[in-house]
Amino acid sequence: MPSSASQVQERGEYLTPQEADRAARVVLGLLGAHVVGEERAELAARLPETYALILLNPLQAVEPLDAERFVRASADWIEGATEATARWDVGAVLSVAADEAGPDLLRRLLLQLPPGYDLLFGRLAPT
């Protein structure tokens, strides 16, 4: 899906591909530390190779981050980001990832994550 990077740029309204790429790398690196197994591999297979490698080779998370702490961690890693801009970055990247994943894989990914991530992916949790 080479279009994923351009979708992130469009959805996040980034002025340059480099801004979108920076956000995607940070968010996917953090996400990769929180999802495991078949679901992580399946999502990686649906992303461009560069992003797949980031997702599959994340830094190890010391503990699972709830949705708010995930946004704060993203803000810490994205140069010049505030919590508000990081929320925008996370939403742009994860909503594209949700599109690439499709409903079944996204449901399985959300089962691995603490409550609240559905909104970061731009989706409501299934009831």
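Residues numbered from 1 in each chain as written. Predicted model: local features only at pLDDT ≥ 70, side-chain atom pairs only at ≥ 80, totals over all residues. Heavy atoms only, no water.

Observations concerning the pattern of salt bridges
Applicable threshold: For salt bridges, the criterion is a side-chain nitrogen of Lys or Arg within 4 Å of an Asp or Glu carboxyl oxygen. A run of H or I in DSSP counts as a helix once it spans at least four residues, and a run of E counts as a strand once it spans at least two, with each numbered from the N terminus. Relative accessible area decides the class of each residue, using a 1.4 Å probe on protein chains only: under 20% of the type maximum gives buried, over 50% gives exposed, and in between gives partly exposed.
What the rule picks out here adds up to eleven salt bridges. Between R108 and E39 there is a salt bridge, and its shortest N-O distance comes to 3.4 Å. A residue pair is termed long-range when its members are at least 10 positions apart, and R108 in helix α6 (residues 83-112) and E39 in helix α3 (residues 37-45) qualify at 69 residues. Given a relative accessible area of 16%, R108 falls into the buried group. For E39, a relative accessible area of 16% translates into the label buried. A salt bridge links D104 to R108; the shortest N-O distance between them is 3.2 Å. Taken as a pair, D104 and R108 lie in helix α6 at a separation of four residues, close to a single helical turn.

Thoughts on the packing of helix α2 (residues 17-32) against α6
Note the following rule: Whenever a helix is involved, its axis is fitted only over the stretch in contact; in every case the axis is a line through C-alpha atoms, and angles between N-to-C directions fall within 0 to 180 degrees. Our angle categories are set so that under 35 degrees counts as roughly parallel, over 145 as roughly antiparallel, 65 to 115 as roughly perpendicular, and the remainder as oblique. Here a residue-residue contact requires only that any non-hydrogen atoms of the pair lie within 4.5 Å.
Two elements in contact, α2 and α6, have axes separated by 9 Å at closest approach and are oriented at 75°. By the angle class used here, α2 and α6 are roughly perpendicular. Only D89, V90, V93 and L94 of α6 make contact with α2, whose side of the interface consists of A23, A24, V27, L28 and L31.

Quick notes on the side chain of S95
Quick note on the threshold: Pairing of N or O atoms within 3.5 Å defines a polar contact, subject to two protein rules: one partner must be a possible hydrogen donor and the other a possible acceptor, and residues neighboring in sequence count only if both atoms are side-chain atoms.
Relative to the elements of secondary structure, S95 occurs in helix α6. Here the side chain of S95 touches R11 through a polar contact of 3.1 Å, side chain to side chain. Within the local environment of S95, its side chain forms a polar contact with the backbone oxygen of G91, the two atoms lying 2.8 Å apart.

With respect to the packing of α2 against helix α4 (residues 49-56)
Inclusion rule: Working rule for handedness: look at the near helix, and if it is turned counterclockwise from the far one by less than a right angle, call the crossing left-handed; if clockwise, right-handed. Throughout, the ten residues Ala, Val, Leu, Ile, Met, Phe, Trp, Tyr, Cys and Pro are labelled nonpolar, Asp, Glu, Lys and Arg are labelled charged, and all others, Gly among them, are labelled polar.
Taken N-terminus to C-terminus, the directions of α2 and α4 make an angle of 35°; their axes are 7 Å apart at the nearest point. Once α2 is placed against α4, the crossing between them reads as right-handed. Within the contact between the two elements, α2 uses D21, A24, R25, L28, G29, L31 and G32 and α4 uses T50, Y51, I54 and L55. Among the residues making up the contact of α2 with α4, the classes are represented as six nonpolar, three polar and two charged.

Quick word on the environment of Y14
Mapping Y14 onto the fold places it in the loop between α1 (3-12) and α2. The class of Y14 is buried, set by a relative accessible area of 11%. Along the primary structure Y14 and H34 are separated by 20 residues, whereas in three dimensions their C-alpha atoms are 26 Å apart. Sequence-distant contacts of Y14, defined by excluding residues within four places in its chain, comprise V8, Q9, E19, A20, A23, W88, D89 and A92.

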